[in-house]
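# Inside the fold
So you can see what is in the structure, the chains are spelled out below.
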Amino acid sequence: MHIKVKLFPLDRKAADGSMITRQVFEEYLRSEDYQMRSRNKLFLGGVTHIDRNKPDKQTGLGEFDRMLTEGNYTHYTDKLFIGPDNWVYARAKVMDNLDEYAGRSLELIKTLTRLLKQGIKLPVSIVVKAYWDKNDVARKIVLISGFDVTLSPGYKGAEIVDIENDDNAEFLAYGMEDEEPVVPQRFNQRGYGYGLDYPSY
């Protein structure tokens, strides 16, 4: 199945006081990281942030590697786009073939798909790595790793808004039309040096 997800608003502060502007997000859509992740289906997500680990030298796990070792990947995003309400949306594929899962992975995907099949539009939280200025405004998005399903979203209104079977052509085409051209703007290098963070929206 596919889902359409409302991720975060542009030009408005999140619950933690941080904000991403439309200009900064549009720059990310033109970035090499966005193109690479779209091409390779690397906007991955799972159930809650529980397995999004920091790098661990003792175990040798890289950033977010625990999602692989714990089998907590249930969906991937194949499109990010800006809606008419100035929110960032995602179109995502839920990997719902239960025959491909076992153990904890099977329990996670069964829980997620059981809720989706009942039309339950769960909240979500996106994972963003960015340079933030002293006012917690993103100056540059380094990467968007994906979004996770959670009952504790960082931003009110961040949620699954539509659930469809894979054979709904109209739904699959939503957000895939050509977007309005964006005029490139030069990025002011000042403002770097503030900490990298992973806020939830």
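Throughout what follows, the structure given in this document is the object of discussion. All figures in this text were calculated on a predicted structure; none of them were measured in a lab.

Broken down by element type, the protein carries 5 helices and 8 strands. Helices and strands in the protein line up, N terminus first, as β-α-α-β-α-β-β-α-β-β-β-α-β. For the protein, the residues scored as buried account for 46% of the 201 residues in total. Long-range contacts, defined as pairs at least 24 residues apart, comprise 70% of the intrachain contacts of the protein with a sequence gap of at least 6. Carbon and sulfur atoms make up 49% of the accessible area of the protein, which totals about 10,900 Å².

This part covers the pairing of strand β3 (residues 75-82). For β3, the buried fraction is high: 7 of the 8 residues fall into the buried class. As paired strands, β3 and strand β4 (residues 87-94) are joined by 7 bridges and run antiparallel to one another. Its bridge partner being in β4, L80 is matched across the sheet by A90. The hairpin turn running from β3 into β4, its antiparallel successor, is 4 residues long, and N86 in that turn takes a positive phi close to 70°.

Reading the values: the criteria
Throughout this document, residue positions are counted from 1 along each chain, in the order its sequence is written. Since the coordinates come from a predicted model, pLDDT governs what is reported: local features require at least 70, and pairs of side-chain atoms require 80 or more to be given and counted, while whole-chain, interface and lining totals use all residues. Only hydrogens and water are set aside; all other atoms, that is, all heavy atoms of the structure, feed into the side-chain values. The secondary structure listing takes helices from DSSP runs of H or I that are at least 4 residues long and strands from runs of E that are at least 2 residues long, numbered from the N terminus. Think of it in three bands: with a 1.4 Å probe and only protein chains considered, a residue is buried below 20% of the maximum accessible area for its type, exposed above 50%, and partly exposed in between. In what follows, a contact means two residues having at least one pair of non-hydrogen atoms within 4.5 Å. Residue-level accessible areas treat just the shown protein chains as cover; the underlying method is Shrake-Rupley with a 1.4 Å probe. A pair of strands is treated as paired once DSSP finds two or more bridges between them.

Worth remembering: the numbers are spatial, not functional.
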